[in-house]
There are 2 protein chains.
Amino acid sequence: MTQNPKVIIIGAGFGGLFAARELANQSVDVLLVDRNNYHTFTPLLYQVATAALDPSQIAYPVRSIFRSIPNIHFLLGIVTKIDAELQQVTIMCGEQPRTEVYDYLIVAAGSVPTYFGSDDFRQYAFELRTLHDSIRLRNHVLNLFEEAVWTEDDAHRNALLTVVVVGGGPTGLETAGAVFELYNHVLNQDYPQADLKAKVILVEMQNHLLGPYPSRLRQAAQDQLESLGVEVQLGHRVTEVYADRVVLDDGSLIPSHTLVWSAGVKAAPVAELLATELRSNGTIPIDSTTRVQGMKRVFAIGDNAYLPQHENVGYPMLIPVAQQQGQVAARNVLADLNGTSPKTFRYVDKGIMATIGRSRAVAWIFNRFALTGRLAWLAWLGLHLVMLLGFRNRLSVFINWIWNYITYDRSVRIIWRQSAQKSSLSDSTLDEQHPVLLEK
Amino acid sequence: MTQNPKVIIIGAGFGGLFAARELANQSVDVLLVDRNNYHTFTPLLYQVATAALDPSQIAYPVRSIFRSIPNIHFLLGIVTKIDAELQQVTIMCGEQPRTEVYDYLIVAAGSVPTYFGSDDFRQYAFELRTLHDSIRLRNHVLNLFEEAVWTEDDAHRNALLTVVVVGGGPTGLETAGAVFELYNHVLNQDYPQADLKAKVILVEMQNHLLGPYPSRLRQAAQDQLESLGVEVQLGHRVTEVYADRVVLDDGSLIPSHTLVWSAGVKAAPVAELLATELRSNGTIPIDSTTRVQGMKRVFAIGDNAYLPQHENVGYPMLIPVAQQQGQVAARNVLADLNGTSPKTFRYVDKGIMATIGRSRAVAWIFNRFALTGRLAWLAWLGLHLVMLLGFRNRLSVFINWIWNYITYDRSVRIIWRQSAQKSSLSDSTLDEQHPVLLEK
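Not measured: the values here are computed from a predicted model.

Cut-offs and rules
- Residues numbered from 1 in each chain as written.
- Chains lettered and ligands numbered in written order.
- Predicted model: local features only at pLDDT ≥ 70, side-chain atom pairs only at ≥ 80, totals over all residues.
- Heavy atoms only, no water.
- Helix = DSSP H or I, 4+ residues; strand = E, 2+ residues; numbered from the N terminus.
- Buried < 20%, exposed > 50% of the residue type's maximum accessible area, 1.4 Å probe, protein only.
- Contact = heavy atoms within 4.5 Å.
- Areas by Shrake-Rupley, 256 points an atom, 1.4 Å probe, with all protein chains shown as cover.
- Pairing = 2+ DSSP bridges.
- Core = buried A, V, L, I, M, F, W, Y, C linked by side-chain atoms within 4.5 Å.
- Axes fitted to C-alpha atoms, helices over the stretch in contact; angles between N-to-C directions.
- Salt bridge = Lys/Arg side-chain N within 4 Å of Asp/Glu carboxyl O.
- Polar contact = N/O pair within 3.5 Å; in protein donor to acceptor, adjacent residues only side chain to side chain.
- Expected span 1.5 Å × (residues − 1).
- Bend = angle between axes of the 7 residues up to and from the residue.
- Phe/Tyr/Trp six-rings, centres within 6.5 Å; stacked < 30°, edge-to-face > 60°.

Caption draft 1: Here's a closer look at the overall build of chain A. Broken down by element type, chain A carries 11 helices and 27 strands. In chain A, which comprises 440 residues, the share counted as buried stands at 60%. A separation of at least 24 residues holds for 64% of the contacts in chain A among residues at least 6 apart in sequence. Only carbon and sulfur atoms are counted for the fraction: they give 50% of the accessible area of chain A, which is about 17,100 Å².

Have a look at this one:
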């Protein structure tokens, strides 16, 4: 019996999953490595953060996904070393390092937040990149609301009930809208004694929201956010962040205990383990077959990789790009094994959409058709339901959504007690050497 | 406008909730205090621990329960001091102490595990008294399974896959059965490569399981456990517990990384804040009106309280006792205010039941009718569905149960990354002064 060639995929995000799926039942042995035992449906993290969904509704165990596929194996661990000469990867599994030899490596570890040099913001900022980020934000927001009920000082109470969201991309809009609805349509029902009015401020550096959208949709998004009640501050940067206040570049001070950072991401640092020169945002330059430049047996995809779409501008860090590049990388592994010519990545762009709240959204379908309001929201809802992996998860998410829509209720607003150490909750990538990988 | 008399209830468990419900819309102001913002449906904690249910399916926000009741208020915090002279309670809310004056106090803080003097066991033991206990056990068990897949040493792998459950009461039986099913009917499906056989050992000091049941049902429970595959060790005590092994009183050594302790409970230590003499198990002696002996305005109920049922034997620490005593305490607060004579507690005992796994259970209805097997299991299922608070939670639990039953699947087996500090996860009572009450 000859051994099949071995393909290691780092990361069980959208790119890694699609690459693995493409290799299912082929004559290769696939080892999928992730620091979590589940795939996270990241577009709905903000719904977990705002108590609309349960964490497990957007997390799906990797082993379940590939249960019936005998050539796909899963390893729970953190990649700490890549040796492209020896073709091997070192993975920390709990406290045990493991070395795995590969014939082909696909790097698909995604991206992490970046503060563009202001890393001190991170001490007080909340992020929304992992399931634990979202639970942490939910705990925080619910706790502040509890504290606000019993606070007699007006200024302090207002600060407790003010959330600053930084970043005018889809995540920023979705979070701002959902937090506002959570506060002013859901939680305030629970506190009939107190007249609690929460404030949500969205801060964006540029003079418009949603950079990649046509200006009509940018404006529609802003109008819908403002009609909901969110305050939009365009053309401003955050310059200082403290536990109880945020300072903008015009010197204005916002008393707030909650800053949600969704202003930017960079490639996950696993890329640094490769002996290749990275772009300034940490991405790995790849050629049009998704192969890492100068490395015959290493591929990189999605947010981790850089391939110019236009002159000196890479493809956007979007799920469909990662998925399609994952498929290309996997097919090119097979092409290499079969001695056929490699496939070139061609992005099939079906459009982009962002939701703002109940019946509020914008969509830019096939980059030609603009939708706004309820129609865009329904399109968003349908797309995300279809995308969610697994029948059962989809059904329960759907039940929750319908329930929330009818009742304005949020069923899952329980406060978890977790570690007070931020670091153990916010590490979102496969590659940081982190002491608390697994709780024992 | 005159101020209504104020009733403080410590604990939003079954007793506290029933007391509060009884005071709804009466001429009193109720302040319900709990360290969590939710009520926990404790009988199903083991299902969260074994990945059958989501945490939020058995947790219900206290504020939602009493949303439409204007005279019931909720305070999230930990009681640190009770002054029965001044009639006031000190509560730590986050880092802020708060003093609340009461006219009547109802102590309903429940119970916590006891190791009967062997407190060193606690370092390695897992408990099942709080939502966080159950998530901690789930993480642990799922992580060990992942580790076992990649372990080449047979002895080490077997130790990773051996769970010792201590205590032959309902919680012990339920946990042993559910862990066995999780391992040998669910998780092993996810790991087709490895032939993983897990072992579950139930250790009970007495010579039979389920002390309060008639011997026929005790035997039926044991037979059903053994038919499932659980090893039952009767007449044995645990004498030593380490990270990787458990030692019994006959010197026999069980290599195991997981000990679940459900051998006994004592009253929650909030009782110690009362200037009254406690029983050896920490319970507060009360009279038949649930009033604390010698204190006119303080009541204690449920697991926290001691009232002799038979000579020198208190009522069992069961949910119906807590609920019914909660009602009596509340009615006697009202009786005192109205100048009417107090009501005496009379326990309405509808029976007891314990489930062992899929289609396996025993029930002792009205202490007269014995049920075993599928019929007892259906009775158990129905009763727990009816008991679960709130329509929506009940529905989603029901969907999960049906799904699990049909597919042998567990939908929620994701590993949370939490604090590595056990102490921040396992404190289960309202009254320990704990630094990590709320995560900020």
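And the narrative resumes.
Caption draft 2: Inspection of the environment of Ile352(B) at higher detail. Residue and element names in this part refer to chain B. Inspection of the secondary structure assignment puts Ile-352 in strand β25 (residues 351-357). On the basis of relative accessibility, which here comes to 16%, the residue Ile-352 falls in the buried class. What Ile-352 contacts, discounting residues up to four positions off in sequence, is Pro-212, Tyr-213, Leu-318, Ala-363 and Trp-364.

Caption draft 3: View of the pairing of strand β1 (residues 6-10) of chain A. All names here are of chain A. Here β1 lies mainly inside the structure; 4 of its 5 residues are buried. Across 5 bridges, β1 lies against strand β2 (residues 29-34) in parallel orientation. Counterpart to Ile-10 in the pairing with β2 is Val-33. Where β1 and strand β9 (residues 104-107) come together, 4 bridges link them in parallel fashion. Bridge assignment links Ile-10 to a residue of β9, and that residue is Val-107.

Caption draft 4: Spatial organisation of the nonpolar core. By size, the foremost hydrophobic cluster in this structure holds 97 residues, and its most contacted members are Ile10(A), Ile82(A), Leu105(A), Val107(A), Tyr183(B) and Leu225(B). For Ile82(A), the contacting residues outside a window of four places in its chain are Ile10(A), Gln88(A), Val89(A), Tyr102(A), Leu105(A), Val270(A), Leu273(A) and Leu274(A). Ranked by size, the runner-up nonpolar core spans 65 residues in total, among them Leu53(A), Ala198(A), Leu210(A) and Leu381(A).

Caption draft 5: The arrangement of the sheet that holds strand β21 (residues 298-300) of chain B in detail. All names here are of chain B. If you walk across this open sheet you meet the 5 strands as β5-β2-β1-β9-β21, and the pairing is parallel. Because the sheet does not close on itself, it has two edges, and the strands there are β5 (72-76) and β21. Averaged over all adjacent pairs, the angle separating strand axes in this sheet is 20 degrees, with direction ignored. The strands touched by helix α1 (residues 14-23) within the sheet are β1 (6-10), β2 (29-34), β5 and β9 (104-107), with β1 carrying the most contacts at an inclination of about 160 degrees.

Caption draft 6: Representation of the pairing of strand β15 (residues 238-241) of chain B in the model. All names here are of chain B. For β15 and strand β16 (residues 245-248), the ladder comprises 3 bridges, and the chain directions are antiparallel. If you follow Val-238 over to β16, its bridge partner there is Leu-248. Between the antiparallel neighbours β15 and β16 lie 3 residues.

Caption draft 7: Quick look at the pattern of salt bridges. All names here are of chain A. The full count for this structure, using the stated rule, is 18 salt bridges over all chains. With a shortest N-O distance of 3.1 Å, Glu-100 and Arg-98 are connected by a salt bridge. Here Glu-100 falls in the buried class, since its relative accessible area comes to 7%. Where Arg-245 meets Asp-244, a salt bridge forms, and the shortest distance between an N and an O atom there is 3.1 Å. You can call Asp-244 partly exposed: its relative accessible area is 36%.

Caption draft 8: Broad picture of unusual backbone geometry. For Asn367(A), which is not glycine, the phi torsion reads 55 degrees and is therefore positive. In this fold, Asn367(A) is placed in the loop between β26 (360-365) and β27 (369-372). The class for Asn367(A) is partly exposed, based on a relative accessible area of 32%. Positive phi, normally seen in glycine, also occurs at Asn312(B), with a value near 65 degrees. With respect to the secondary-structure elements, Asn312(B) resides in the loop between β23 (308-310) and β24 (313-314). Judged by its relative accessible area of 57%, Asn312(B) falls in the exposed class.

Caption draft 9: Looking closely at the environment of Arg157(B). All names here are of chain B. Relative to the helices and strands, Arg-157 resides in helix α5 (residues 154-160). Each C-alpha atom of the pair Arg-157 and Thr-258 lies 13 Å from the other, and the pair is 101 residues apart in sequence. Filtering out sequence-adjacent residues up to four positions away, Arg-157 remains in contact with Ala-148, Thr-151, Glu-152 and Leu-196. A polar contact is formed between the side chain of Arg-157 and the side chain of Asp-154, at a distance of 2.5 Å.

Caption draft 10: The arrangement of the sheet that holds strand β18 (residues 258-261) of chain A in detail. All names here are of chain A. Sheet architecture is open: 5 strands sit in the order β11-β18-β12-β13-β14, paired in parallel fashion. The open sheet terminates on both sides in strands that have one partner only, identified here as β11 (125-126) and β14 (231-234). With respect to the sheet, helix α4 (residues 131-149) is in contact with β11 and β18, its orientation differing from that of β18 by roughly 160 degrees. Sheet strands in contact with helix α6 (residues 170-190) are β12 (162-166), β13 (199-204) and β18, and its direction is about 170 degrees off that of β13.

Caption draft 11: The arrangement of helix α6 (residues 170-190) of chain B in detail. The first and last C-alpha atoms of α6(B) sit 29 Å apart over 21 residues, in line with the 30 Å expected at 1.5 Å per residue. By the largest-angle criterion, Tyr183(B) marks the main kink of α6(B), which is about 35 degrees.

Caption draft 12: Just the packing of aromatic side chains, in detail. All names here are of chain B. Throughout the structure, instances matching the rule amount to 14 aromatic pairs over all chains. Seen in terms of ring centroids, Phe-14 and Phe-41 are 5.8 Å apart; in terms of plane orientation they differ by 70 degrees. Their pairing is edge-to-face. Of this pair, Phe-14 sits in helix α1 while Phe-41 sits in the loop between β3 (38-40) and α2 (45-49), and the two are 27 residues apart along the sequence. Here Phe-14 and Phe-41 have matching classes, each one buried. With centroids separated by 5.7 Å and ring planes inclined at 70 degrees, the aromatic side chains of Phe-121 and Trp-261 adopt a geometry described as edge-to-face. Residue Phe-121 is found in the loop between β10 (111-113) and β11 (125-126), and its partner Trp-261 is found in strand β18 (residues 258-261); the two are separated by 140 residues along the sequence. Here Phe-121 falls in the buried class, since its relative accessible area comes to 2%.

Caption draft 13: Summary view of the environment of Arg331(B). Residue and element names in this part refer to chain B. Tracing the chain through its elements places Arg-331 in helix α8 (residues 319-338). For Arg-331 and Ala-19, which are 312 residues apart along the polypeptide, the C-alpha to C-alpha distance reads 8.2 Å. In contact with Arg-331, not counting residues within four places along its chain, are Glu-22 and Lys-343.

So far we have only geometry, and geometry alone does not tell us how the molecule works.
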